[in-house]
Amino acid sequence: MATMRFTTRISRPVDDVWKAVSVPDTIAEWFTGVISSETHGNIRRVTGGTDGNVGTVEDEIATSDDQLRRFQYRVAAVEGHLATIDVLEIGSNDTLVIYSVELSSAELAEGWRPYMEGGIKGLKQYAESRAG
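Residues numbered from 1 in each chain as written. Predicted model: local features only at pLDDT ≥ 70, side-chain atom pairs only at ≥ 80, totals over all residues. Heavy atoms only, no water.

### What about the confidence of the model for the chain?
Caution applies to low-pLDDT regions: their predicted coordinates should not be interpreted in detail. Operational definition: Confidence of the predictor in every single residue is expressed as pLDDT, which spans 0 to 100. In this text, helices come from DSSP runs of H or I with a minimum length of four residues, and strands from runs of E with a minimum of two, each type numbered from the N-terminal end.
Per-residue confidence for the chain averages 93 on the pLDDT scale, and 97% of its residues sit at or above 70. Confidence, read as mean pLDDT per element, is least for strand E3 (residues 43–50) in the chain (90) and greatest for strand E5 (residues 70–75) (97).

Laid out in structure tokens, this is it:
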């Protein structure tokens, strides 16, 4: 198994950031390369791509815990995949997001690195652009 972890500090109240993370289909608004998302029960179909290559994957939403502010999902087609997004309050208008991903191998993890980095950067830009 290989694990990657990315963190960012977002200048927004924790509840605002949690809302962006916990509503599954908002991923299309903040995750780099995601075009659309549709959720039915605990299955989320995500369509995205880069360089003209478009595809759809299914995620299984494993956890969406409002108390812990933890969202976890598995990409069904990727062996050993588990992504966890923790949203932590560090001040009245400051939030820490920890985005970790477990994959079956280090080689596979390195291939996913640019997507995960883009995802957490996109979340920060999205949340901070909505500042009121």
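### Re the side chain of Thr95
Threshold: Burial classification: accessible surface area is computed with a 1.4 Å probe over protein chains only, and a residue below 20% of its type maximum counts as buried, one above 50% as exposed, and the rest as partly exposed. Any N or O atom pair separated by 3.5 Å or less is treated as a polar contact, with the protein-specific requirement of one donor-capable and one acceptor-capable atom, and with residues adjacent in sequence counted only for side-chain atom pairs. Residue contacts follow a heavy-atom distance rule, with two residues in contact if any of their heavy atoms lie within 4.5 Å.
Summarising the element assignment, Thr95 is placed in strand E7 (residues 94–103). Judged by its relative accessible area of 0%, Thr95 falls in the buried class. Here the side chain of Thr95 touches Arg12 through a polar contact of 2.7 Å, landing on its backbone oxygen. Ignoring sequence-local partners within four residues, the contact set of Thr95 consists of Thr8, Arg9, Ile10, Arg12, Pro13, Val14, Val17, Val87, Leu88 and Ile90.

### Here's the deal with the pattern of salt bridges
Stated formally: A side-chain nitrogen of Lys or Arg and a carboxyl oxygen of Asp or Glu constitute a salt bridge if their distance falls within 4 Å.
Under the criterion given, the structure shown has eight salt bridges. Between Arg9 and Asp94 there is a salt bridge; the shortest N-O distance is 3.4 Å. Highlighted residues: Arg9 in strand E1 (residues 2–10) and Asp94 in strand E7, separated in sequence by 85 residues. Two residues, Lys124 and Glu128, come together in a salt bridge whose shortest N-O distance is 3.0 Å. Here Lys124 pairs with Glu128, and both are found in helix H3 (residues 106–129), just four residues apart, close to one helical turn.

### Description of H3
Rules: What a helix is expected to span follows from its residue count: subtract one and scale by 1.5 Å. By definition, a residue's bend is the angle between the axes fitted to the seven residues ending there and the seven starting there.
The end-to-end C-alpha separation of H3 is 34 Å, in line with the 34 Å expected for 24 residues at 1.5 Å each. Remark: the principal bend of H3, roughly 45°, maps to Trp112, with a proline, Pro114, within the next four residues. Listing the buried residues of H3 in full gives Ala109, Met116, Gly118, Gly119, Ile120, Gly122, Leu123, Tyr126 and Ala127. Elements in contact with the buried residues of H3: E1, helix H1 (14–22), helix H2 (27–30), E5 and E7.

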